[in-house]
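# A look at the structure
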Amino acid sequence: MLDKGEDILKVIDFVETIHHPKEEQLLFPVIAKQVWLSQGGPLCTYYRGLQLEFDPLAPVRRYLRLFYEQSGISAPSIGEYSWLSEQSPLSIPMEEHFIGHELSVALRFLSNKKNSALYAEFFEIFRKLYSDLLRVHISKEDNCLFVMCEAKMS
Ligand SMILES: [Fe+2]
């Protein structure tokens, strides 16, 4: 969908209502119980290192903070995930799900205010941040998480 230049709101509909809920409700809770998960996938150490050393999501959080200040709306609440812990390798993709969800809520909100200053200031930035985040996220899952799952569960 991203490569075809699909409307970002259609991408969001698919990711936020179908794809991520499927991972969070069906796949991740099962993986979270596996002993092998703590070993991480082939690139987990690399991704965790990037996260700790450079905090690549910091600019996204800064833009979102600015948006919340200017719009007066609050960040969406995060669901409860009994199987999730900070130490778990799944905290890496889940952090991206959470921040992607925040961006999606902001984009849906802005799409109903096309003539506003808020839309002019944030929509294109958030559209790009959401697309970029999704591409990085897909690459991590395809090259690390799902590689490990296929090796361990086949
Ligand atoms: Fe995911």
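That block above? That's the structure.
These lines cover the structure that appears in this document, whether it is placed above or below. A quick note: this is a predicted structure, and the numbers were derived from the prediction, not measured.

So, about the nonpolar core. Phe67, Leu103, Phe126 and Tyr130 are the most contacted members of the largest nonpolar core, which has 23 residues in total. Mapped by element, the contributors of at least two residues to this core are helix 1 (8-32), helix 3 (58-71), helix 4 (91-111) and helix 5 (117-153). Considering each element in turn, this core owes the most residues, eight residues, to helix 5. In this structure, Phe67 is in contact with Gly72, Ile73, Ala106, Phe109, Leu110, Leu118, Phe122 and Phe126, ignoring residues within four places of it in sequence. Ranked by size, the runner-up nonpolar core spans ten residues in total, among them Leu37, Trp83, Leu90 and Met148.

Tallied over the entire structure, the rule returns seven salt bridges. Note that Asp132 is salt-bridged to Lys128, the shortest N-O span being 2.7 Å. With a gap of four residues between them, Asp132 and Lys128 both fall in helix 5, about one helical turn apart. When its relative accessible area of 34% is taken as the criterion, Asp132 is described as partly exposed. Salt bridges here are not isolated pairs; linked through shared partners, they connect Asp55, Arg61 and Glu95.

Turning next to the coordination of the iron ion. At 2.1 to 2.2 Å from the iron ion lie its protein donor atoms, namely Glu23 (OE), His97 (NE2), His137 (NE2) and Glu141 (OE). The coordination sphere of the iron ion comprises four donor atoms, whose angles at the metal cover 85 to 172°; the geometry is irregular. Positions of the donor residues of the iron ion along the chain correspond to the pattern E-x73-H-x39-H-x3-E. Placement of the pair is His137 and Glu141 together in helix 5, with a separation of four residues, close to one helical turn. With respect to burial, His137 and Glu141 carry one shared label: buried.

Let us now look at helix 5. Between its first and last C-alpha, helix 5 extends 50 Å over 37 residues, near the 54 Å set by a 1.5 Å rise per residue. Glu141 marks where helix 5 bends most, by close to 40°.

Moving on, we get to the packing of aromatic side chains. Taken as a whole and judged by the stated rule, the model has ten aromatic pairs. Note on Phe67 and Phe122: the rings are 5.4 Å apart at their centroids and 75° apart in plane angle, and the pair reads as edge-to-face. Placement of the pair is Phe67 in helix 3 and Phe122 in helix 5, with a sequence separation of 55 residues. Of the two residues examined, Phe67 and Phe122, each falls in the buried class. Aromatic pair Tyr81 and Phe98: ring centres 5.6 Å apart, planes at 50°, arrangement tilted. In this pair, Tyr81 sits in the loop between helix 3 and helix 4 while Phe98 sits in helix 4, placing the two residues 17 residues apart along the sequence.

Quick notes on the rules
- Residues numbered from 1 in each chain as written.
- Predicted model: local features only at pLDDT ≥ 70, side-chain atom pairs only at ≥ 80, totals over all residues.
- Heavy atoms only, no water.
- Core = buried A, V, L, I, M, F, W, Y, C linked by side-chain atoms within 4.5 Å.
- Buried < 20%, exposed > 50% of the residue type's maximum accessible area, 1.4 Å probe, protein only.
- Helix = DSSP H or I, 4+ residues; strand = E, 2+ residues; numbered from the N terminus.
- Contact = heavy atoms within 4.5 Å.
- Salt bridge = Lys/Arg side-chain N within 4 Å of Asp/Glu carboxyl O.
- Donors = N, O, S within 2.8 Å, 3.2 Å for Na, K, Ca; no water.
- Tetrahedral: all angles 85-135°; square planar, octahedral: opposite > 155°, others 65-115°.
- Expected span 1.5 Å × (residues − 1).
- Bend = angle between axes of the 7 residues up to and from the residue.
- Phe/Tyr/Trp six-rings, centres within 6.5 Å; stacked < 30°, edge-to-face > 60°.

By themselves, these figures tell us nothing about what the structure is for.
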